[in-house]
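Per-entry structural report
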Amino acid sequence: MAMTAGTSPNIPPQAQAEVQNYSEILQSYQAYWLFKKLVRDEILKSKYSLEDIASVATATFNSHGGFAQLIENHVALMHGANKGGSDSEGLAAKPIPKGCPQCRQEDEAWEATIGRDALLAIASVQKSLDSTVRRRLVRFSAEVKAPLARRRSPDEQAIILQSFECPQDADSDLFGTTIVPQNSGLPGKTGGDPDKICLYDDADLLEAVLAIPRNGRGVDDKSAQLFESYWASVPITFDTPCVEEMQFQYRELHPQFKHVGMDDCIGDDADAFLTARIKLGEKILASKSSFAARQYAKQGIPACLRPKMWDLMLQSIFTEDFAAYTRETCRALKTSIAQFDLIADRLLQMDVRQCQNDDTYFVFEDVIRDVMLLSDNGPGDEFLRYKEAWEGNTYPPNGVLPFWGVSCYAMPLCYLHADAEAAYMTFRELYARYFSHLHTLNSTRRGLLYLSCTFETLLKQTDALLYAHLAHNIGHSPLHHAFRWIMYGFIGVLDVEQVLLLWDRIIAFDKAELLAAVAVAIFLFRKGQLMGARNEKDIEHAFSDLAVLKVIPLLQYFIFVNTKVPCRHNDEIDRGVLAPV
């Protein structure tokens, strides 16, 4: 199976050199050697002649759900990750390509719409926030009288490894903290807590957002800043979608189509609909096509199929046995966790323990803890050489300093996977593609700034009077509430099943804009109470029971029913051009 050049007299010398070059490149990829092994194993099953090798290789490559499909899935996922602008390569445990020329051109065109001054302003504020966070980390290390990182003794390592095997027997002070947050709920619902111990939280991020000069202008341009600030809290202007564009981009969400999360709960044919969806989902899982899985997920995923369907949409590892790959990956990470005692791990442990205050997730504390520790880990010795200057070092190993509420991202996954290792493999892909952009300031279309701007744009388009009443009559910008909903992906705000139904669609469409759309839909749904509000306490009361809401009907009503703006694409829906999966 080794690929060689110069074997055919019909190939020109220059072409032979190119074939040899491509051959060497292919052999540097794990996929090449996996495919070679698959062909070898197939040949060993029966008697083949040398002339049969080419046909066996072709048949193996093009088999149903075979290697060709894996490559197609991998290319699609990497292209999507590259377009998303993810800079969390370490968590994905695989190199994300630098990007094709088309992706680079799209990124450059997108940045051109924002403007160089605005991009520099965003980077400057993020750098300032990073410096503040690092100072807090050093101060916390001094307060607990522990170094940022130290190597554990062999006995300590054995105890840590045992805690992964028997979490119920683990010492509650294993990672150096017994503090339990006293919030009444998760951060997405309750917001800031002045008594918490953390490096930063949603309040710090919102403060940093509001500190960005408007569209990158200097402080001298006060008149323009005053005019713009009247109708927008987000200082940077993005090219965000309007309702008409969302009606087209998310046309598969139209009420004309039946959806899991809506039609499986009401109606005489609810059971028949769910049975049909499960049957179709099983066929798609058998095909191993991530494209088909995404099309299917646009109408929702039944709970029994969600773990496998999410993995099909998110995972792109070339391996014969994904379960064995998962075990090996997590075994190496656990060994590294046991070797080093990190201050960052202690902060994570404190953050995980806030789930004790939530009756939905408290039973999964051990699983959540293990997922977050696995995600926090990485290469070994380099962070023992940490310097206060911070240059040339990665701390913690994954490069992500824990913030207040970071463990919330892992909580819903406990309803997908029974063990921490499987949940971690899904978490790291979700984090690299989506979550990593929700707690940093950047200019990507999945970023917190863009989603905040999208929220304000959509709310002002659909109900400018409501926006003006909250922002100016009461003096409380709608973004102050929606910001933490978006940052935490509505985890702790909506019921867990509604969160999973929402993320079905986010992964399927590969767009985080739905977070902003749901936030607007909630404001419109509670418009009666909000228009009657006279102070911030009344606004808080209007949003006190959001766990009872159903996310799919809310989205459908907001995008397709509530808006009075005519949709130029509705004729396609009426004609049945957009058929359901």
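Remember, it's a predicted structure, so these values are computed and weren't measured experimentally. (Residues numbered from 1 in each chain as written. Predicted model: local features only at pLDDT ≥ 70, side-chain atom pairs only at ≥ 80, totals over all residues. Heavy atoms only, no water.)

With respect to the overall build of the chain
Looking only at helices and strands, the chain features 27 helices and two strands. Per-residue burial for the chain yields a buried fraction of 51% across its 581 residues. Taking contacts inside the chain between residues at least 6 apart in sequence as the whole, the part at least 24 apart equals 74%. Accessible surface for the chain amounts to roughly 26,800 Å². Of this, 54% is attributable to carbon and sulfur atoms. (Helix = DSSP H or I, 4+ residues; strand = E, 2+ residues; numbered from the N terminus. Buried < 20%, exposed > 50% of the residue type's maximum accessible area, 1.4 Å probe, protein only. Contact = heavy atoms within 4.5 Å. Areas by Shrake-Rupley, 256 points an atom, 1.4 Å probe, with all protein chains shown as cover.)

Topic: the nonpolar core
Membership of the largest hydrophobic core comes to 149 residues, with the highest contact counts inside it found for Trp310, Phe455, Trp485, Phe490, Leu515 and Phe523. With eleven residues, helix H23 (residues 513–525) is the single largest residue contributor to this core. (Core = buried A, V, L, I, M, F, W, Y, C linked by side-chain atoms within 4.5 Å.)

Describing the side chain of Gln556
The topology assignment puts Gln556 in helix H26 (residues 551–562). Setting aside anything within four residues of it in sequence, one finds Gln556 in contact with Leu253, His254, Pro255, His259, Met262 and Val561.

With respect to helix H21 (residues 479–487)
Counting buried positions over the nine residues of H21 gives eight, a clear majority of the element. Taken together, the buried positions of H21 are occupied by Leu479, His481, Ala482, Phe483, Arg484, Trp485, Ile486 and Met487. Downstream of H21 by a residue or two, Gly489 has a phi angle that is positive, lying close to 60°.

Things to note about the packing of helix H6 (residues 116–143) against helix H16 (residues 343–352)
Interhelical geometry of H6 versus H16 gives an angle of 90° and a closest axis separation of 10 Å. When the interaxial angle is binned, H6 and H16 end up roughly perpendicular. Along its contact with H6, which presents Leu137, Phe140 and Ser141, the element H16 presents Ile343, Leu347 and Met350. Looking at the contact of H6 with H16 residue by residue, the class counts come to five nonpolar, one polar and no charged. (Axes fitted to C-alpha atoms, helices over the stretch in contact; angles between N-to-C directions. Parallel < 35°, antiparallel > 145°, perpendicular 65-115°, else oblique. Nonpolar A, V, L, I, M, F, W, Y, C, P; charged D, E, K, R; others polar.)

Describing the environment of Arg294
Along the chain, the position of Arg294 falls in helix H13 (residues 290–297). Note: C-alpha distance between Arg294 and Ile284 (ten residues apart in sequence) is 9.9 Å. A polar contact is formed between the side chain of Arg294 and the backbone oxygen of Ile507, at a distance of 2.3 Å. (Polar contact = N/O pair within 3.5 Å; in protein donor to acceptor, adjacent residues only side chain to side chain.)

Brief notes about the side chain of His417
Along the chain, His417 turns up in the loop between helix H17 (365–376) and helix H18 (420–433). Of the polar contacts made by the side chain of His417, one reaches the side chain of Thr426; its length is 3.0 Å. Apart from residues lying up to four places away in sequence, His417 is in contact with Pro307, Asp311, Ala422, Ala423 and Thr426.

Observations regarding the pattern of salt bridges
Under the defined criterion, the tally for this structure stands at 19 salt bridges. Residue Arg306 is joined to Glu497 by a salt bridge in which the shortest nitrogen-to-oxygen separation is 3.4 Å. In this pair, Arg306 is assigned in helix H14 (residues 306–314) and Glu497 in helix H22 (residues 496–509), connecting sequence segments 191 residues apart. Overall, Arg306 belongs to the buried group, its relative accessible area being 2%. (Salt bridge = Lys/Arg side-chain N within 4 Å of Asp/Glu carboxyl O.)

With respect to the confidence of the model for the chain
Model confidence for the chain is summarised by a mean pLDDT of 79, while 71% of its residues fall at 70 or above. Segment residues 565–581 is flagged for pLDDT under 50; beyond a separation of four residues in sequence, or across chains, it makes 27 contacts in the model. (pLDDT = per-residue confidence, 0-100.)

Some thoughts on the packing of H16 against H17
Between two packed helices, the angle of one axis relative to the other and the distance separating the axes together describe the packing. Orientation of H16 relative to H17, taken along the N-to-C sense of each, is 150°, at an axis distance of 10 Å. One finds that H16 runs roughly antiparallel with respect to H17. Crossing handedness for the pair H16 and H17: right-handed. On the side of H16, the interface is formed by Ala344, Asp345, Leu348, Gln349 and Val352, while H17 contributes Glu365, Ile368, Arg369, Met372, Leu373 and Asp376. Tallied by class, residues from the contact of H16 with H17 come to six nonpolar, one polar and four charged. (Left-handed = near helix turned anticlockwise from the far one by under 90°.)

Comments concerning the environment of Leu466
Mapped onto the secondary structure, Leu466 falls in helix H20 (residues 464–473). For Leu466, a relative accessible area of 0% puts it in the buried group. Residues Leu466 and Phe523, spaced 57 residues apart in sequence, show a C-alpha to C-alpha distance of 8.6 Å. What Leu466 contacts, discounting residues up to four positions off in sequence, is Leu459, Phe523, Leu524, Lys527, Leu530 and Met531.

Brief notes about unusual backbone geometry
If you check the backbone angles, Lys288 has positive phi at about 60° while not being a glycine. Inspection of the secondary structure puts Lys288 in the loop between helix H12 (270–287) and H13. Classification of Lys288 as partly exposed rests on a relative accessible area of 41%. The backbone phi angle of Phe490 is positive, close to 65°, even though this residue is not glycine. Tracing the backbone through its elements, the reader meets Phe490 in the loop between H21 and H22.

So, the packing of aromatic side chains
Applying the stated criterion to the full structure yields 19 aromatic pairs. On the basis of an interplanar angle of 20° and a centroid distance of 6.2 Å, the ring pair of Trp110 and Phe238 is categorised as stacked. With Trp110 in helix H5 (residues 101–114) and Phe238 in the loop between helix H10 (222–231) and helix H11 (243–249), this pair connects stretches of sequence that are 128 residues apart. Members of the aromatic cluster, joined through ring pairs, are Tyr200, Phe403, Tyr409, Phe427, Tyr431, Tyr434, Phe435 and Trp503. Arg369 extends its terminal NZ or CZ atom over the ring of Phe164, reaching a point 5.8 Å from the ring centre. (Phe/Tyr/Trp six-rings, centres within 6.5 Å; stacked < 30°, edge-to-face > 60°. Lys NZ or Arg CZ within 6 Å of the ring centre and 35° of its normal.)

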